Amino acid sequence: SSTDNMTESLESGFKWAASDTDLLELVAALYKNESIQRKDGKPIKRKELIDFFQAIFGLEIKDVENKLTRATARKTNMTPFLDSLKSAFVSYAEQKDEKLRKRK
């Protein structure tokens with residue numbers, strides 16, 4: 001299949017260390033806000049984007065639709081992974097700011 005060819009050509013030496021659902025949460029958000037687009041200008045399909053990320057990390061996520069359905073049905077916190085990314089960036093910015101202050 002084309003995904004197999006993509007996996008071979010994209011083998012990166014990196015691995016996805018979070019959960020499959022975390023990756024799906026990230027990809028769904030990137031898809032919805034259209035931050036990744038096709039070079040040929042055609043509309044990107046969500047499945048294409050998921051397949052692309054699976055290829056980058058050499059993953060095969062089983063039961064994608066069911067995992068996405070469960071993730072979107074979360075009641076207390078619908079975006080735990082995206083929230084953790086925001087916190088990580090805030091922490092990064094604070095540490096960078098702290099390093100700059102120490103240099104002065």
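Rules behind the numbers
- Residues numbered from 1 in each chain as written.
- Predicted model: local features only at pLDDT ≥ 70, side-chain atom pairs only at ≥ 80, totals over all residues.
- Heavy atoms only, no water.
- Core = buried A, V, L, I, M, F, W, Y, C linked by side-chain atoms within 4.5 Å.
- Buried < 20%, exposed > 50% of the residue type's maximum accessible area, 1.4 Å probe, protein only.
- Helix = DSSP H or I, 4+ residues; strand = E, 2+ residues; numbered from the N terminus.
- Contact = heavy atoms within 4.5 Å.
- Axes fitted to C-alpha atoms, helices over the stretch in contact; angles between N-to-C directions.
- Parallel < 35°, antiparallel > 145°, perpendicular 65-115°, else oblique.

Enquirer: Give a detailed account of the nonpolar core, specifying residues and quantitative values.
Expert: In this structure, Leu23 and Phe53 are the most contacted members of the largest nonpolar core, which totals 14 residues. Contributions of two or more residues to this core are made by helix H2 (20-32), helix H3 (46-57) and helix H4 (64-72). With five residues, the single largest contributor to this core is H3. Not counting the four nearest positions on each side in its chain, phenylalanine 53 is found in contact with Leu23, Val27, Leu30 and Ile36.

Enquirer: Report on the packing of H2 against helix H5 (residues 80-103), specifying residues and quantitative values.
Expert: One way to put it is that H2 packs onto H5 with a least axis distance of 8 Å and a crossing angle of 80°. In this view, H2 runs roughly perpendicular relative to H5, as classed from their interaxial angle. From H2, Asp22, Glu25, Leu26 and Ala29 reach across to H5, where they touch Pro80, Phe81, Leu82 and Leu85.

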